[in-house]
Amino acid sequence: MKTIAENRAFGGVQGVYSHASDTCGCDMTFGLYLPEAAQDGPVPVLWFLSGLTCTHENAMTKAGAQAWAAENAVALVFPDTSPRGDTVANDASFDLGQGAGFYVNATEAPWAANYRMWDYVTDELPRMLFSAFPVDEERQGITGHSMGGHGALTIAMAFPGRFRSVSAFAPIANPTASDWGRKQFAAYLGADEGKWAAHDATIQMKKRGFDGPLLIDQGASDPFIDLLMPEKLIEAMATRRQPATFRMQKGYDHSYFFVSTFMESHVSFHAEALYG
């Protein structure tokens, strides 16, 4: 693992690190914020999964999360959204290929060689993180924005007991029924739609739900709301009687202005579960 940068922030350290990934077959980069409290021992960790076109850097620099993480003594992890490099398959469109890994393990050519973001985020990166930094494996929360919200919800439901809390900002809630999902799942996972269901938060909510606190914020003026389909996830939560808080935020869009506005409440929400 190589240190790309370490900067003092709110008493802690915002680091950026790279490593050779066996899972993705390329070098991967991630951000990690360690609050000052980590100097005294392992602290809880909150994963932030980013959306389409993003790298590890977008949320790290735009979400304003470090101040609230420092106040609540929580570490923050910012993984990249896809494998990258000249030898990694890509596409001319913004919503497929590099920057658009969708947090799945691709099985179809040419993507299968590198696009294994599910295993990277749920296995390889956590193993490295918990062995190298003072973060507590027993106290994890997960959140994300848009495509990352989709990833956070599906991963949280797929690993019962791993995450004490899950939240999302404007998640792609029903990707098997949306153009933000069907296109990518067909490319990465093939034509058999039965293989897509594990990566659809609405379907997984109906099937298994989440055994812990759940928070979702959605901008009511989000220009992509018809692609996100939050109403489908709301229906699934109601059908399952899933304990959750869903907030439709009047006037807010899909940008990091929206994310940063409600970041404090999301970090506090997770901190309560991680320390409670």
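Higher on the page you've got the structure.
Residues numbered from 1 in each chain as written. Predicted model: local features only at pLDDT ≥ 70, side-chain atom pairs only at ≥ 80, totals over all residues. Heavy atoms only, no water.

## Re the environment of glutamine 140
Selection rule: Only DSSP runs of H or I covering at least 4 residues are called helices, and only runs of E covering at least 2 are called strands; the numbering of each starts at the N terminus. Contact between two residues is taken to exist if any of their heavy atoms lie within 4.5 Å; hydrogens are not considered. Polar contact criterion, stated in full: a pair of N or O atoms within 3.5 Å, where within protein one must be able to donate a hydrogen and the other to accept it, and residues adjacent in sequence count only if both atoms are side-chain atoms.
Examined against the element boundaries, glutamine 140 turns out to sit in strand β6 (residues 135-144). When the C-alpha positions of glutamine 140 and alanine 271 are compared, they lie 9.7 Å apart, and in sequence the two are 131 residues distant. When sequence neighbours within four positions are dropped, the list of residues in contact with glutamine 140 reads Val45, Trp47, Phe130, Arg162, Phe163, Arg164, Ser165 and Leu274. A polar side-chain atom of glutamine 140 sits 2.9 Å from a polar atom in the side chain of tryptophan 47.

## Things to note about the side chain of threonine 23
Spelled out, the test is: Only protein chains enter the accessibility calculation, which uses a 1.4 Å probe. A residue is then buried if its area is under 20% of the maximum for its type, exposed if over 50%, and partly exposed in between.
Within the secondary structure, threonine 23 sits in the loop between β2 (12-21) and β3 (26-34). Classification of threonine 23 by relative accessible area gives buried; the value is 18%. A distance of 3.1 Å separates the side chain of threonine 23 from the side chain of glutamate 124, its partner in a polar contact. Apart from residues no more than four positions distant in its own chain, threonine 23 is found in contact with Asn114, Arg116, Asp119, Tyr120 and Glu124.

## Re the packing of helix α3 (residues 117-132) against helix α4 (residues 147-158)
What counts, and what does not: Only C-alpha atoms enter the line fits that serve as axes; for helices the fit covers just the stretch in contact. Angles between N-to-C directions range over 0 to 180 degrees. Should an angle fall under 35 degrees it is called roughly parallel, over 145 degrees roughly antiparallel, and 65 to 115 degrees roughly perpendicular, with every other angle called oblique. Put simply, a crossing is left-handed when the front helix is turned counterclockwise from the back one by less than a right angle, and right-handed when it is turned clockwise.
Following both chains from N to C, one finds α3 and α4 inclined at 60°, their axes separated by 12 Å at the closest point. Classed by the angle they form, the pair α3 and α4 counts as oblique. Once α3 is placed against α4, the crossing between them reads as right-handed. Contact with α3, carried on its side by Trp118, Val121 and Thr122, involves Thr154, Ile155 and Ala158 of α4 and no other residues of that element.

## A word on the sheet that holds strand β5 (residues 75-79)
How we decide: Two strands pair if DSSP finds at least two bridges between them.
Spatial strand order, β1-β2-β3-β5-β4-β6-β7-β8-β9: 9 strands in an open sheet with mixed pairing. This sheet does not close on itself; its edge strands, each paired only once, are β1 (2-9) and β9 (245-249). Taken pair by pair, the neighbouring strands of this sheet meet at an average axis angle of 20°, ignoring direction. The pairing of strand β4 (residues 43-49) with β5 spans 3 bridges and is classified as parallel.

## So, the pairing of β1
Two elements, β1 and β2, share 7 bridges in a ladder whose sense is antiparallel. Paired with lysine 2 across the strands is serine 18, a residue of β2. Hairpin remark: β1 followed by β2, antiparallel, with 2 residues in the connecting loop; positive phi at phenylalanine 10, about 50°.

## Digging into α3
Rules: Axes are fitted to the seven residues ending at a residue and to the seven starting at it; the angle between these axes is taken as the bend at that residue.
Roughly 35° is the biggest bend found in α3, and it falls at leucine 125, with proline proline 126 one to four residues downstream. All of the buried residues in α3 are Met117, Trp118, Tyr120, Val121, Thr122, Glu124, Leu125, Pro126, Leu129 and Phe130. Where α3 is buried, its residues meet β2, β3, β4, β5, β6 and α4.

## With respect to the packing of helix α2 (residues 65-72) against helix α9 (residues 256-275)
Their axes nearest at 9 Å, the elements α2 and α9 cross at an angle of 30°. By the criterion of interaxial angle, the relationship of α2 to α9 is roughly parallel. Considering how the two elements wind past one another, α2 and α9 form a crossing that is right-handed. In this structure, α2 uses Ala65, Trp68, Ala69 and Asn72 to contact α9, whose residues at the interface are Met263, Glu264, Val267, Ser268, Ala271 and Tyr275.

## Quick notes on the packing of aromatic side chains
What counts, and what does not: Pairs were defined over the aromatic rings of Phe, Tyr and Trp, the Trp ring being its six-membered one, requiring ring centres within 6.5 Å. Orientation was assigned from the angle between planes: stacked under 30 degrees, edge-to-face over 60, tilted for the rest.
This structure, assessed with the given rule, holds 15 aromatic pairs. Ring centres of tyrosine 17 and phenylalanine 30 lie 5.6 Å apart, and the angle between their planes is 35°; this geometry places the pair in the tilted category. Separated by 13 residues along the polypeptide, tyrosine 17 in strand β2 and phenylalanine 30 in strand β3 bring together distant segments of the chain. Note on accessibility: tyrosine 17 and phenylalanine 30 belong to one class, buried. With a centroid separation of 5.1 Å and 55° between ring planes, the pair formed by tyrosine 17 and phenylalanine 133 is classed as tilted. In this pair, tyrosine 17 is assigned in strand β2 and phenylalanine 133 in the loop between α3 and β6, connecting sequence segments 116 residues apart. Using a relative accessible area of 5% as the deciding quantity, one classes tyrosine 17 as buried. Looking at phenylalanine 133, the relative accessible area reads 12%, which means it is buried. A network of ring pairs unites the aromatic residues Phe48, Phe78, Phe169, Tyr252, Phe258 and Phe262 as a single cluster.

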